[in-house]
Amino acid sequence: MPTTKLCLIRHGETAWNTERRLQGHTDIPLNAKGALQARQMAQALKDINLTFDVLYTSDLQRAAKTAKEIERLFNTSALVSPALRERHLGALQGLTMDEAPNNEPELWQSHLNRNLNEELRGGESIIQFSNRIKGALDQIQKQHTGKTILIVSHGGALDMMYRLASNQSLD
């Protein structure tokens, strides 16, 4: 069976990243530094003569705008997939890392403990998130077997991809 290669890229910085605010599915744009990071990352890929067959991105604008820089330099178009989004953090979305333990102490503790079934009041459990990411990767691999694929996504989603690929425990 031919080898399918994945190159995983995290989106550039947002204002909420600098504020240590939990983004999840909240559609936050890149800040000026994040836009610069996206341009620099795309140029670095060009400078190393990276070749790839297909580009995927999450539909959230912080990832999609990062992918736009790759599209521009490599004269390609990204395939957009909502399945590559960050984990939906439910009631924790929008809170800072300092606010979350005070405003939602039980949910925050469950989040820190990596409770696999905790949906964070309106969000996604780790199991649901894992299943979504695995489904997305399985579909991408099925459609592009033997190809090199760039994926622009989010820190938590990339962590989940790594856990799945390396057979690590979800907790």
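Refer to the structure presented above.
Residues numbered from 1 in each chain as written. Predicted model: local features only at pLDDT ≥ 70, side-chain atom pairs only at ≥ 80, totals over all residues. Heavy atoms only, no water.

Engineer: In this structure, what is going on with the nonpolar core? I would like to understand it.
Structural biologist: One recurring pattern in soluble globular proteins is that nonpolar side chains are buried together. Counting residues in hydrophobic clusters, the biggest one holds 16 residues, and the most contacted among them are Y56, L84, I133, I151 and M161. When residues of this core are traced back to their parent elements, those giving at least two are β2 (54-57), α6 (126-143), β4 (148-153) and α7 (155-165). Sort the elements by how many residues they give to this core and α6 lands first, with six residues. When neighbours within four sequence positions are excluded, I133 is seen to be in contact with A83, L84, R85, A157, M160, M161 and L164. In this structure, I9, L55, A67 and L150 belong to the second largest nonpolar core, which totals 13 residues. (Core = buried A, V, L, I, M, F, W, Y, C linked by side-chain atoms within 4.5 Å. Buried < 20%, exposed > 50% of the residue type's maximum accessible area, 1.4 Å probe, protein only. Helix = DSSP H or I, 4+ residues; strand = E, 2+ residues; numbered from the N terminus. Contact = heavy atoms within 4.5 Å.)

Engineer: Please explain helix α5 (residues 105-112) as it appears in this structure.
Structural biologist: Think of an α-helix as turning once every 3.6 residues; residues three or four places apart then point the same way. For α5, the full list of buried residues reads L107, W108 and S110. One side of α5 holds all its buried residues, which, seen down the axis, span an arc of 165°. If you follow the buried residues of α5, they end up packed against α4 (99-103). One or two residues past the end of α5 sits R114, with phi positive at roughly 55°. (Arc of directions from axis to C-beta.)

Engineer: Is there a simple way to think about the pattern of salt bridges in this case?
Structural biologist: Oppositely charged side chains are able to pair whenever their charged atoms sit close together. Scanning all chains against the criterion turns up ten salt bridges. Where R72 meets E69, a salt bridge forms, and the shortest distance between an N and an O atom there is 2.8 Å. With R72 and E69 both in helix α3 (residues 61-74), this residue pair falls three residues apart, about one helical turn. For R72, a relative accessible area of 52% translates into the label exposed. A residue is classified by how much of its surface remains accessible, and E69, at 15% relative accessible area, is buried. Taking the shortest distance from any N to any O, the salt bridge between R132 and E124 comes out at 2.8 Å. The two residues R132 and E124 agree in class, both being buried. Salt bridges sharing common partners tie together E19, R21 and E99. (Salt bridge = Lys/Arg side-chain N within 4 Å of Asp/Glu carboxyl O.)

Note that all results are geometric; they support no functional claim without further evidence.
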